[in-house]
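Reading the structure
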Amino acid sequence: MNLISIFDLSHAEIEAIIEKAEELKKERREGVRARNDLEGKTLALIFEKPSTRTRLSFEVAMRELGGDVISLNWHELQLGRGEGIRETAKVFSAYVDAVMIRAYLHSTIEEFAKYASTPVINGLSDLEHPCQTLADLMTIKEHKKKLAGVKVAWVGDGNNVCNSLIGGAAMTGMDICVVCPKGYEPAKVIVEKAKEMGCEVVIRNNAEEVAADADVLYTDVWVSMGEEEEREKRKRDLKNYQLSENLVQVAKEDVIIMHCMPVHIGEEITEHVMNSANSVIFEQAENRLHAQKALLLKLLKY
Ligand code: CP
Ligand code: NVA
């Protein structure tokens, strides 16, 4: 089984991953870090773009589960000199038990998975970031004690992280509203899939109207990796879509503030909001570790 899109998982599978992640988090808080579930298994990580959280969380997860991990940069592999994805996938399959790829194009990961005989995990593409969504759902459930019926407002660029969160919302019964300027809407293919599952993705332009009703306010960078050339235009277009003190003021008292990180302070979020009592951003980052451990156990053990 692969995790290339959040839609690759069923509702029941997502629930089971979150439950296992909660158990692993509790156990780790009690001091248990070393397990031997994945002894003898190796995970390869391939990065075509930079990463802090995804790299760290997968590396620590594999080590703490008793397995091994190899982290590789795309451009240090023959892939960077033009070796085919198909050939690379076949070679990796002979050496390791699973491969995580962070790539520019979603189709790169799909093609790798087509030729690999091991599980393939999407560690972020231009279309989706499903591993982030697993940690996000876990974080929301921890704070709101449920997922179904929780109202999530995404403020900013309807990007890869937003797309997978929409899928996660569709799967778990959350309401999701995306507040973005024209031209920055989430991918149509994702919105359609969510709709087929009975989740109507509401798209709005005015953040204050939406924030007042939200249980979760979520944002991400205005300029994603690979979009650097559009930086100035994006900053102009998205300048009114910031998680600021003014916006949080109109929200519910117990609203939680989320961001997948890395943050660009002063752009999509202010420093004050990022560090406010409502912010769960650093816990959300920690939850990447627990959620991915649960995912790896699902893909490699059970
Ligand atoms: N949220 C996330 O995926 O962070 P990195 O880009 O640092 O991996
Ligand atoms: N949307 C961001 C997420 C980084 C984790 C990007 O793709 O760069």
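The rules behind these values
- Residues numbered from 1 in each chain as written.
- Chains lettered and ligands numbered in written order.
- Predicted model: local features only at pLDDT ≥ 70, side-chain atom pairs only at ≥ 80, totals over all residues.
- Heavy atoms only, no water.
- Pairing = 2+ DSSP bridges.
- Helix = DSSP H or I, 4+ residues; strand = E, 2+ residues; numbered from the N terminus.
- Axes fitted to C-alpha atoms, helices over the stretch in contact; angles between N-to-C directions.
- Contact = heavy atoms within 4.5 Å.
- Near = heavy atom within 4 Å.
- Polar contact = N/O pair within 3.5 Å; in protein donor to acceptor, adjacent residues only side chain to side chain.
- Areas by Shrake-Rupley, 256 points an atom, 1.4 Å probe, with all protein chains shown as cover.
- 1 Å grid on protein atoms, 1.4 Å probe; cavity = no way out; pocket = protein on both sides within 12 Å on 5 of 7 lines; lining within 4 Å.
- Sits in = over half its atoms within 2 Å of the grid points.
- Nonpolar A, V, L, I, M, F, W, Y, C, P; charged D, E, K, R; others polar.

Quick word on the sheet that holds strand β6 (residues 175-179)
As summarised here, the arrangement of the 5 strands in space is β7-β6-β5-β8-β9, forming an open sheet in which the pairing is parallel. In this open sheet, the two strands that pair with only one neighbour each are β7 (202-204) and β9 (256-259). Geometrically, the sheet is characterised by an average inter-axis angle of 25 degrees between neighbouring strands, direction not taken into account. Packing against the sheet, helix α5 (residues 130-144) makes contact with β5 (151-155), β8 (216-219) and β9, and its axis sits at approximately 170 degrees to β9. The sheet contacts of helix α12 (residues 281-300) involve β8 and β9, and relative to β9 the element is tilted by about 50 degrees.

Side note on the site of ligand 2
Taken together, Leu124, Asn159, Asn160, Val161, Asp220, Val221, Ser224, Met225 and Met261 form the complete shell of residues around ligand 2. Asn159 is positioned such that a nitrogen or oxygen atom in its side chain is 3.2 Å from a nitrogen atom of ligand 2. Between a nitrogen atom of ligand 2 and a side-chain N or O atom of Asp220, the distance comes to 2.7 Å. In isolation ligand 2 has 270 Å² of accessible area, and contact with the protein removes 95% of it. When each cavity is represented as a set of grid points, ligand 2 is found to reside in the largest pocket. The residue makeup of the shell around ligand 2, split by class, is 5 nonpolar, 3 polar and 1 charged.

Describing the site of ligand 1
Around ligand 1 sit Ser51, Thr52, Arg53, Thr54, Arg102, His129, Gln132, Cys260, Met261 and Arg288, and those are all the residues in its vicinity. Between ligand 1 and Arg102 there is a distance of 2.8 Å, counted from an oxygen atom to a side-chain nitrogen or oxygen. Side-chain polar atom of Gln132 to a nitrogen atom of ligand 1: 3.0 Å apart, as the coordinates give it. Coverage of ligand 1 by the protein chains reaches 96% of its 250 Å² of free accessible surface. Placement of ligand 1 is best described as lying within the largest pocket. For the shell around ligand 1, the per-class residue count stands at 2 nonpolar, 5 polar and 3 charged.

Coordinates in, geometry out; function isn't part of it.
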